[in-house]
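Here is what each chain is made of, one letter per residue.
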Amino acid sequence: QVQLVESGGDLVQPGGSLRLSCVASGFTLDYYAIGWFRQAPGKEREGVSCISRLDGSTYSANSVKGRFTISRDNAKNTVYLQMNSLKPEDTAVYYCAAGFRVQAMCVPQEYDYWGQGTQVTVSS
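Residues numbered from 1 in each chain as written. Predicted model: local features only at pLDDT ≥ 70, side-chain atom pairs only at ≥ 80, totals over all residues. Heavy atoms only, no water.

**Concerning the nonpolar core**
The following threshold applies: Residues belong to one nonpolar core when they are buried, are Ala, Val, Leu, Ile, Met, Phe, Trp, Tyr or Cys, and are joined through side-chain atoms within 4.5 Å. Buried, partly exposed and exposed residues are distinguished by accessible area as a fraction of the type maximum, computed with a 1.4 Å probe on protein chains only: under 20%, between the cut-offs, and over 50%, respectively. Only DSSP runs of H or I with at least four residues qualify as helices, and only runs of E with at least two residues qualify as strands; both kinds are numbered from the N terminus onward. Residues are treated as being in contact if the distance between any of their heavy atoms lies within 4.5 Å.
By size, the foremost hydrophobic cluster in this structure holds 28 residues, and its most contacted members are Leu 4, Trp 36, Phe 68, Leu 81, Met 83 and Tyr 94. For this core, the secondary structure elements donating two or more residues are strand 3 (18-25), strand 4 (33-39), strand 5 (46-51), strand 7 (68-73), strand 8 (78-83), strand 9 (92-99) and strand 11 (118-122). For Leu 4, the residues in contact, after removing those within four places along its chain, are Cys 22, Val 23, Ala 24, Phe 27, Leu 29, Cys 96, Ala 97, Ala 98, Tyr 113, Trp 114, Gly 115 and Gln 116. Counting residues in hydrophobic clusters, the runner-up holds seven residues, among them Ala 33, Phe 37, Cys 50 and Cys 106.

**Topic: the packing of aromatic side chains**
Selection rule: In this scheme Phe, Tyr and Trp rings, the latter by its six-membered ring, pair at centre separations within 6.5 Å, and the angle between planes marks the pair as stacked below 30 degrees, edge-to-face above 60, and tilted otherwise.
The tally for this structure, following the rule as stated, stands at seven aromatic pairs. Considering the side-chain rings of Phe 27 and Tyr 32, the 4.9 Å spacing of their centres and the 75° angle between planes classify their relative orientation as edge-to-face. Residue class for Tyr 32 comes out buried when judged on its relative accessible area of 13%. With a centroid separation of 6.4 Å and an interplanar angle of 75°, the aromatic rings of Tyr 95 and Trp 114 are classed as edge-to-face. Of the two residues, Tyr 95 is situated in strand 9 and Trp 114 in strand 10 (residues 113-114); the sequence distance between them amounts to 19 residues.

**Comments concerning the side chain of Arg 38**
Heads up, the rule is: Polar contact is defined as a pair of N or O atoms within 3.5 Å, subject to the rule that within protein one atom must be able to donate a hydrogen and the other to accept it, and that residues adjacent in sequence are counted only when both atoms are side-chain atoms.
Along the chain, Arg 38 turns up in strand 4. Of note is the side chain of Arg 38, whose polar atom sits 2.7 Å from the side chain of Glu 46. Here Ser 63 takes part through its side chain, which lies 3.4 Å from a polar atom of the side chain of Arg 38. Those residues in contact with Arg 38, other than ones at most four positions away along the chain, are Glu 44, Arg 45, Glu 46, Val 48, Ser 63, Val 64, Phe 68, Glu 89, Asp 90, Ala 92, Val 93 and Tyr 94.

**Some words on the state of the cysteines**
So the rule is basically this: We call a pair of cysteine sulfur atoms a disulfide whenever their separation is within 2.5 Å.
Per the stated rule, a full pass over the model turns up two disulfides. Paired by a disulfide, Cys 22 and Cys 96 hold their sulfur atoms 1.9 Å apart. Judged by the sign of its S-S torsion, about 50°, the cystine formed by Cys 22 and Cys 96 is right-handed. Remark: Cys 96 occurs in strand 9 and Cys 22 occurs in strand 3; sequence separation between them is 74 residues. Cys 96 shares its class with Cys 22; the two are buried. One disulfide in the model links Cys 50 with Cys 106; its S-S distance is 1.9 Å. Looking down the S-S bond of the Cys 50 and Cys 106 bridge, the torsion is 95°, so its handedness is right-handed. Taken together, the positions of Cys 50 in strand 5 and Cys 106 in the loop between strand 9 and strand 10 put the pair 56 residues apart, joining distant regions of the chain. You'll find Cys 50 and Cys 106 in the same group, each marked buried.

Just distances and angles here, no functional claims.
Below you can see the structure in the form of C-alpha cells.
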C-alpha cells in the first residue's frame, strides 16, 4: 500500500523554526519527484519546495526562498522540509507528495500520491 505520512507540524512563534518529515511506504521515494505543498484556509494549494526525480534539482516558491530547504534521505525513504524564520503567513496545512511523471515541478496536479497533511501555525 502506497502511503506518505507527514509529521513535525506545530505552533511556533514568528521567527522560529520547524522541520517537517514525510516518510514513504509501499514505494521507493528516490524514483519519484517529491514536493512539499501547503494550503491555507480559503486559499488554493500551492507548491512550496520540490525536488526533481532525475537530477535532484530543487525549486522553491519566491515566498520561501532563503528560508525553507527541502532534502531527502533515500536510505530512510524520507523527505524533509526545514523551515526557518517562519512568518504568520506561513500558517497552513503542509502536505508532501510524490509524482513519477512530473513535467512542471511544484504544480499540484502533476503529483500522484499525497500525505494527509500536518498543521503549521505561526503565531505569537
